[in-house]
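What the coordinates show
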Amino acid sequence: QVHVVESGGGLVQAGGSLRLDCAASGRIFSINVMGWYRQAPGKQRELVADVNSESQTNYADSVKGRFTVSRDNAKKMVYLQMNSLRPEDTAVYYCNANVVTINELGRVGSFDYWGQGTQVTVSS
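This write-up is about the structure you can find in this document. Residue indices begin from 1 for each chain and proceed along its sequence in written order. This being a predicted model, a pLDDT of at least 70 is required before a residue's local features are given, and a value of 80 or more before pairs of side-chain atoms are given or counted; all residues contribute to the totals for chains, interfaces and linings. By convention in this description, side-chain values take in all heavy atoms of the structure and omit both hydrogens and water.

**A short note on the sheet that holds strand β7 (residues 67-72)**
What the four strands build is an open sheet, ordered β1-β3-β8-β7; its pairing is antiparallel. Each end of this open sheet is capped by a strand with a single partner; those strands are β1 (2-7) and β7. The average undirected angle you get between the axes of adjacent strands in this sheet is 15°. Note: two strands are recorded as paired if DSSP finds a minimum of 2 bridges between them. Going along the chain from the N terminus, every DSSP run of H or I of four or more residues is numbered as a helix, and every run of E of two or more is numbered as a strand. Sheet topology places β1 next to strand β3 (residues 18-26); six bridges connect them, and they run antiparallel. Across the sheet, residue Val5 finds its bridge partner in β3, namely Ala23. Interaxial angles span 0 to 180 degrees and are taken between N-to-C directions of axes, which are lines fitted to C-alpha atoms, for helices over the stretch in contact.

Structure, rendered in structure tokens:
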């Protein structure tokens, strides 16, 4: 099985910074994409940023220029550096990893795994 665990959330004032870390572990042959999603109360989960195996990145328009996503393939980790935080960034942030593995039914392929979430709260 594959496990994904996030850390680094917390409370920060507007304009401040946080860095989120995410580690993937388990029977992983390769990682296709690792990324970050967030969900605020009463809203749908949305993509914040992701990075593929070629280090190509995608960002939500709302975080461009403020957030940076990166990955360390050797450590099977992805990071989200968040600068110039705003109250509207407040949400539970989830790490997602699309990996090549063997699922519970014995099928080999690419599957999505999610972390437990970490709370980010930005005060004004």
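**A few points about the pattern of salt bridges**
We count a salt bridge whenever a side-chain nitrogen from Lys or Arg sits within 4 Å of a carboxyl oxygen from Asp or Glu. Taken as a whole, this structure holds five salt bridges when the rule is applied. For Arg38, the salt bridge identified is with Asp89, shortest N-O distance 3.0 Å. One end of the pair, Arg38, is in strand β4 (residues 30-39); the other, Asp89, is in the loop between β8 (77-82) and β9 (91-102), and 51 residues separate them in sequence. Each residue is placed in one exposure class: buried if its accessible area under a 1.4 Å probe, protein chains only, is under 20% of its type's maximum, exposed if it is over 50%, and partly exposed if it falls in between. Under the relative-accessibility criterion, Arg38 is labelled buried at 7%. For Asp89, a relative accessible area of 1% gives the class buried. In this structure, Arg66 and Asp89 form a salt bridge, with 2.8 Å as the shortest nitrogen-oxygen distance. Linking Arg66 in the loop between β6 (57-59) and β7 with Asp89 in the loop between β8 and β9, this pair joins segments that are 23 residues apart in sequence. Of the residues examined, Arg66 reaches a relative accessible area of 8% and is grouped as buried. Through salt bridges with shared partners, a single ionic network connects Arg38, Glu46, Arg66 and Asp89.

**Some thoughts on the nonpolar core**
Where a protein is soluble and globular, its nonpolar side chains tend to be buried together. Counting 31 residues, the largest nonpolar core has Trp36, Leu80, Met82 and Tyr93 as the members making the most contacts within it. Elements supplying a minimum of two residues to this core: β1, β3, β4, β5 (46-52), β7, β8, β9 and β11 (118-123). When residues of this core are assigned to their parent elements, the largest contribution, five residues, is made by β9. Contacts between residues were defined by any pair of non-hydrogen atoms, one from each residue, lying within 4.5 Å. Discounting residues that sit within four places of it in the chain, Leu80 has contacts with Leu18, Arg19, Leu20, Trp36, Val48, Ala49, Phe67, Thr68, Val69 and Tyr93. Put simply, buried Ala, Val, Leu, Ile, Met, Phe, Trp, Tyr and Cys residues joined by side-chain atoms within 4.5 Å make one nonpolar core.

**Here we look at the environment of Thr90**
Within the element layout of this structure, Thr90 appears in the loop between β8 and β9. The class for Thr90 is partly exposed, based on a relative accessible area of 23%. Each C-alpha atom of the pair Thr90 and Arg38 lies 8.7 Å from the other, and the pair is 52 residues apart in sequence. What Thr90 contacts, discounting residues up to four positions off in sequence, is Ala40, Gln119, Val120, Thr121 and Val122. Here a polar contact means two N or O atoms within 3.5 Å. Within protein one must be a hydrogen donor candidate and the other an acceptor candidate, and residues neighboring in sequence count only if both atoms are side-chain atoms. Within the structure, Thr90 has its side chain in polar contact with the backbone oxygen of Pro87 (distance 2.9 Å). In this structure the side chain of Thr90 is engaged in a polar contact, spanning 2.9 Å, whose partner is the backbone nitrogen of Val122.

All quantities given are derived from atomic positions and should not be read as evidence of function.
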